[in-house]
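Single-letter residue listing:
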Amino acid sequence: MQIIDGKKTAAEIKEEIAREVQIMKERGERAPHLAAILVGHDGGSESYVANKVKACEACGFESSLIRFDEDVTEERLMQEIDRLNNDPAVDGFIVQLPLPRHIDEQRVTEAINFRKDVDGFHPVNVGRLSIGLPGFRSATPAGIIDLLDRYGIPTKGKHAVILGRSNIVGKPIATLLMQKAQPGDCTVTVCHSSTRNIKEICREADILVAALGHPGFVTEDMVKPGATVIDVGTTRVPDPSRKSGFRLCGDVDFDNVAPKCEFITPVPGGVGPMTICSLMKNTLLARKGL
Ligand code: GUN
């Protein structure tokens, strides 16, 4: 059994990006520039955005943080998106989600120029991914693909089972794993809340991706010996012994499942740290031009 170290892999990727950016700067080229729009003061969003800004510094990127109060109007937000779409000094930008209830997230997502949509949420990028064109891949699925690649985990002809069908993880990881590519070329099954015989299907998986947000859902009896298990779960469970008051809990019963696996990602320190790397890779790609 080998533990997939997402923290170490993410640090390596950020160093590689920083080296590339250093070379760009030495050639007299402008560094990539990521802007982030943050509405309100949600604790989770504040810390995600702070980490994104920190990653920009580590990679040698420019970054801008644009803040709005919780009661900003949708029209004011749309105006800012329009400004960023037309600012040649900004290569890519994100609008941190979730947004307050009075703002239509889908309208906001679709207002972003897809060439600057480094989150990969715009329908054009989702469509491009689906037909195998280059584009911005959403962060978590792209991070999983990088881990499979860097650990040399065979995927061709393997049966990948995905638990969860969300637009930002389940669907795009299913799409990427079924592409004729390396990593890829899997036979993919997507399970969801209406799937029958979920345990039996999981037991058929060579690669099991758990992305349901249900702590400890995947138990030892659901895993084939020698499988690769990728845990995308990051549920915050109250824990008074921690300074933060919570701990992150994955979708996999790690202690009992790990001994059966060939490869497994821990929570935390598995898929999580890779997601910001994907955003940095997308921003570098945006700088070079899609
Ligand atoms: N909120 C939680 N994850 C994300 C993400 O990847 N991008 C944005 N924009 N908001 C998020």
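Below you will find a few notes about this structure. (Residues numbered from 1 in each chain as written. Predicted model: local features only at pLDDT ≥ 70, side-chain atom pairs only at ≥ 80, totals over all residues. Heavy atoms only, no water.)

Points about the pairing of strand β7 (residues 207–210)
Here is the rule we go by: Exposure classes here rest on a 1.4 Å probe applied to the protein chains alone. A residue is buried below 20% of its type maximum, exposed above 50%, and partly exposed in between. The helix and strand labels rest on DSSP assignments: H or I over at least four residues marks a helix, E over at least two residues marks a strand, and numbering proceeds from the N terminus. Whether two strands pair comes down to DSSP finding at least two bridges between them.
Of the two faces of β7, the one lined by Ile207 and Val209 and the one lined by Leu208 and Ala210 are each fully buried. In this structure, strand β5 (residues 159–163) lies alongside β7, joined through four bridges in parallel fashion. Residue pairing in the sheet places Ala160 in a bridge with Ile207 of β7. Alignment of β7 against strand β8 (residues 228–231), held across four bridges, turns out to be parallel. Its bridge partner being in β8, Leu208 is matched across the sheet by Val229.

Topic: the side chain of Lys52
To keep it simple, the criterion reads: For this count, His and the chain ends are skipped, Lys and Arg are scored as positive, and Asp and Glu as negative. Here a salt bridge means any side-chain nitrogen of Lys or Arg lying within 4 Å of a carboxyl oxygen belonging to Asp or Glu.
Tracing the sequence through the fold places Lys52 in helix α2 (residues 43–59). One buried charge, Lys52, has no salt-bridge partner; the nearest side chain with opposite charge is Asp119, at 5.0 Å.

Details of the sheet that holds strand β1 (residues 2–3)
Here is the rule we go by: The criterion used for residue contact is that any of the two residues' heavy atoms lie within 4.5 Å. Fitting a line to C-alpha atoms yields each axis, with helices limited to the stretch in contact; the angle taken between N-to-C directions then spans 0 to 180 degrees.
Pairing in this open sheet of six strands is parallel, and the strands run β1-β11-β8-β7-β5-β6 from one edge to the other. Across the chains shown, the open sheet's two edge strands, defined by having one partner strand only, are β1 and β6 (187–191). Each of β5, β6 and β7 is contacted by helix α7 (residues 170–178), which is oriented at about 170° to β5, the strand it contacts most.

Comments concerning the site of the ligand
Defined as follows: Residues are labelled near a given molecule or strand when at least one of their non-hydrogen atoms is within 4 Å of it. Polar contact is the term for a pair of N or O atoms within 3.5 Å; when the atoms are in protein, one must be able to donate a hydrogen and the other to accept it, and sequence-neighboring residues count only if both atoms are side-chain atoms. The accessible surface values rely on the Shrake-Rupley method and a 1.4 Å probe; as for residues, cover is taken only from the protein chains in view. Only Asp, Glu, Lys and Arg are considered charged, only Ala, Val, Leu, Ile, Met, Phe, Trp, Tyr, Cys and Pro nonpolar, and every remaining residue, Gly among them, polar.
Close contacts around the ligand come from Lys52, Val95, Gln96, Leu97, Asp119 and Phe121, and that covers them all. The side chain of Gln96 places a nitrogen or oxygen atom 3.1 Å from a nitrogen atom of the ligand. Protein chains bury 75% of the 280 Å² of accessible surface belonging to the ligand in isolation. Per-class residue counts for the shell around the ligand are three nonpolar, one polar and two charged.

Topic: a negative patch on the surface
Worth spelling out the cut-off: Only residues whose relative accessible area exceeds 30% and that form no salt bridge enter a patch; like-charged residues are grouped when within 9 Å of one another, and nonpolar side chains (Val, Leu, Ile, Met, Phe, Trp, Tyr) when within 5 Å. Charged groups are reduced to one reference atom each: NZ for lysine, CZ for arginine, CG for aspartic acid, CD for glutamic acid.
Together, Asp42, Asp69, Glu70 and Asp71 make up a region of like negative charge exposed at the surface. Take Glu70: it is sitting in the loop between β3 (62–68) and α3 (74–85). We classify Glu70 as partly exposed; its relative accessible area is 46%.

Examining the packing of helix α1 (residues 6–26) against helix α6 (residues 139–150)
What counts is decided by this rule: Any angle that falls under 35 degrees is termed roughly parallel, while one over 145 is termed roughly antiparallel, one within 65 to 115 roughly perpendicular, and all others oblique.
Two numbers describe how α1 lies on α6: the axes approach to 11 Å, and their chain directions differ by 95°. On the basis of the axis angle, α1 is roughly perpendicular to α6. Each of Gly6, Thr9, Glu12, Ile13 and Glu16 in α1 lies in contact with α6, whose residues at this interface are Asp146, Leu147 and Arg150. For the contact of α1 with α6, a count of residues per class yields two nonpolar, two polar and four charged.

What about the side chain of Lys116?
Here Lys116 shows up in the loop between α4 (105–111) and α5 (123–130). No salt bridge is formed by the buried Lys116; the nearest opposite charge belongs to Asp87, separated by 6.0 Å. Each residue touching Lys116, except ones within four places of it in the same chain, is listed here: Leu84, Asn85, Asn86, Asp87, Val90, Asp91, Gly92, Phe93 and Phe136.

Comments concerning the pattern of salt bridges
For side chains bearing opposite charge, pairing can occur when the charged atoms are close. Within this structure, the stated rule accounts for 19 salt bridges. Linking Glu80 and Arg76 is a salt bridge whose minimum nitrogen-to-oxygen distance equals 3.6 Å. Linking Glu80 with Arg76, this pair stays in helix α3, spanning four residues, or about one helical turn. Residue Glu80 is classed as buried on the basis of its relative accessible area, which comes to 6%. Its salt-bridge partner being Lys156, residue Asp185 comes within 3.4 Å of it at the nearest N-O pair. Separated by 29 residues along the polypeptide, Asp185 in the loop between α7 and β6 and Lys156 in the loop between α6 and β5 bring together distant segments of the chain.

Describing the nonpolar core
Selection rule: Residues belong to a common nonpolar core when they are buried Ala, Val, Leu, Ile, Met, Phe, Trp, Tyr or Cys residues joined through side-chain atoms within 4.5 Å.
Of all hydrophobic cores here, the largest spans 47 residues; its most connected members are Ile17, Phe61, Ile144, Leu177, Val209, Ile230 and Met280. For this core, the element with the most residues is helix α10 (residues 272–288), which contributes seven residues. Apart from residues no more than four positions distant in its own chain, Ile144 is found in contact with Ile173, Val209, Ile230, Val232 and Val271. Core analysis: the second largest hydrophobic core is formed by 18 residues, Cys191, Ile198, Val257 and Ile264 among them.

A closer look at the sheet that holds strand β2 (residues 33–39)
An order of β3-β2-β4 is seen for the three strands of this open sheet, with the pairing classed as parallel. Because the sheet does not close on itself, it has two edges, and the strands there are β3 and β4 (92–95). Each strand of the sheet is rotated relative to its neighbour by a mean of 15°, with strand direction disregarded. In this structure, β2 lies alongside β4, joined through four bridges in parallel fashion. By the bridge assignment, Ile37 is partnered in β4 with Val95.

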